[in-house]
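In case you want the letters, here they are:
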Amino acid sequence: MPSSSSDQCPGPVLITGCSSGVGHAAAKLFRAAGYDTFATARDPSTLADLRAAGCHVLALDVTDEEMRRTVVARIEREFGAVGILVSNAGYGQYGPLEQIPLDLLRRQFETNVFGGLRLTQLALPAMRAAGRGRIVNVSSVAGRVSSIGGGAYHASKFAVEALADALRPEVGPFGIDVVNVLPGPIATHFLTTLLASIAQTTAPDPAASDPYGYFKQRLAARMRAFLDPHGFGVLSAETVANVVFTAATVPRPRTRYSVGFIARLGPLGRALTPDRVVDVMTRRKSPLSPD
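It is worth spelling out the overall build of the protein chain at this point. Regarding its fold elements, the protein chain presents 10 helices and seven strands. Whereas a compact globule of 291 residues would reach a radius of gyration of roughly 19 Å, the protein chain reaches 20 Å, a difference of no more than 12%. Counting only C-alpha atoms and orienting by the principal axes, one finds that the protein chain spans roughly 65 × 40 × 35 Å. Taken over 291 residues, the protein chain has a buried fraction of 47%. Put simply, the protein chain shows about 13900 Å² of open surface, and 55% of that area lies on carbon and sulfur atoms. Averaging the coordinates of the 30 positive side-chain charges in the protein chain and doing the same for the 24 negative ones gives two points 5 Å apart.

Locating Ala39 in the fold gives a position in strand S2 (residues 37–41). Classification of Ala39 as buried rests on a relative accessible area of 0%. Look past the residues within four positions of Ala39 in its chain and what remains in contact with it is Ile15, Cys18, Ala27, Leu47, Leu50, Cys55, His56, Val57 and Leu58.

Attention now goes to the pairing of S2. With respect to burial, S2 is a largely interior element, five of its five residues being buried. Neither face of S2 is exposed, since Thr37, Ala39 and Ala41 on one face and Phe38 and Thr40 on the opposite face are all buried. Pairing analysis gives three bridges linking strand S1 (residues 13–15) to S2, with the strands arranged parallel. Bridging across to S2, Leu14 finds its partner in Phe38. At this point the chain moves from S1, through helix H1 (residues 21–32), to the parallel S2, and the crossover so formed is right-handed. As paired elements, S2 and strand S3 (residues 56–59) share four bridges and run parallel to each other. Within the sheet, the bridge partner assigned to Thr40 lies in S3 and is Leu58.

Attention now goes to the packing of helix H4 (residues 102–130) against helix H5 (residues 151–171). Between H4 and H5, whose axes approach to 8 Å, the crossing angle comes to 15 degrees. Compared by their axis directions, H4 and H5 come out roughly parallel. Crossing handedness for the pair H4 and H5: right-handed. Where H4 abuts H5, its residues Leu105, Gln108, Phe109, Asn112, Val113, Leu117, Thr120 and Leu124 lie against Ala152, Tyr153, Ala155, Ser156, Lys157, Ala159, Val160, Leu163, Leu167 and Val171. Here the residues of the contact of H4 with H5 are counted per class, giving 13 nonpolar, four polar and one charged.

Quick look at the confidence of the model for the protein chain now. Per-residue confidence for the protein chain averages 93 on the pLDDT scale, and 97% of its residues sit at or above 70. Per-residue pLDDT stays below 50 along residues 1–7; that stretch engages in nine contacts with residues further than four places along the chain or on separate chains.

Quick notes on the rules
Residues numbered from 1 in each chain as written. Predicted model: local features only at pLDDT ≥ 70, side-chain atom pairs only at ≥ 80, totals over all residues. Heavy atoms only, no water. Helix = DSSP H or I, 4+ residues; strand = E, 2+ residues; numbered from the N terminus. Rg over C-alpha atoms; globule rule 2.2 N^0.38 Å. Buried < 20%, exposed > 50% of the residue type's maximum accessible area, 1.4 Å probe, protein only. Areas by Shrake-Rupley, 256 points an atom, 1.4 Å probe, with all protein chains shown as cover. Lys, Arg positive; Asp, Glu negative; His and termini not counted. Charge placed at Lys NZ, Arg CZ, Asp CG, Glu CD. Contact = heavy atoms within 4.5 Å. Pairing = 2+ DSSP bridges. Right-handed = clockwise from strand over helix to strand, strands pointing away. Axes fitted to C-alpha atoms, helices over the stretch in contact; angles between N-to-C directions. Parallel < 35°, antiparallel > 145°, perpendicular 65-115°, else oblique. Left-handed = near helix turned anticlockwise from the far one by under 90°. Nonpolar A, V, L, I, M, F, W, Y, C, P; charged D, E, K, R; others polar. pLDDT = per-residue confidence, 0-100.

Rendered as C-alpha cells:
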C-alpha cells in the first residue's frame, strides 16, 4: 500500500468515475496515503465504502457544466487549488460506424474527451496561481491503436492523447504536469456498458435484414474474450490504479505509462504491420458473415 505524509501532499485530489473499477481503486489508494481525496460519480450512493474510508464523496456527471463548476469551486473554497486531477470517467461505444447515431458519437466524446478537458480548464487557473498541479488522464492503448468495431471509442482516446501532448508544454512553465496512463484490457464493468452500446446501433432499414448483424454478434463475442478476467494480458483495476497513483505522485513522472503487456507491445506491433494486413486480420476476427 502506498504511503505519504501530509507534508508531501500537493493539494486535494479530484478523481472522476469512482463508482467502480480504476476510479474506485484509485480513490482508496490516495486516501490510504493521506491525501484529501474527492471521489466523484454520477450516483454518489455507489461510493458508500469510499466515504467510510474517509474520502469526500460528491455527485458529478462530467458532461454537466453546472456540476463540474460546483465540484471544482467547492474543493477550491474548502481546500485550495486542486493538486491532482485524475480524469478517469469514461465508457466504450462500440459497433459499426455506419450504424452509430451521431448523438451517441457526441455522447462518447462529451464523456471521454470534453468532460475531462473542461474539468482541466476549470482547475487550471488555481493550479497556476499555486504554481503546481498534476493532471492524470486515464487513457487507453485504444488511444494508440484503432481496431474494427471500436472506432468511436478509439477516436475518443486518440483525442485524449493528442490533447495531452498539446497541453503538457502549454502548462509546464506554470509548474503543472500532464501524464497519461494507458492500460491494456481491464476486468471491470466496462464490458457491460460496451455490450449494451453495440445493441444501441441501428440498421438503416428496420424492415430489412441487418447487414452488420453477424458482425455485431462476433464483435460482442470477441470483446467478451478480450476482457475476460482470466484472459491473456487482462489487468485488474487495482493494478492500473497503482500506476495512476505513481503517475500522480512521483517527482518526475514519465509523460505516458503503458500498463500491461498488450499496452506496451500492441502499438509497436501495429506500427510494424502494414495497414492492409491489419485489415485482413481484424476482418477475420469479426467477419460480416459466417462464410
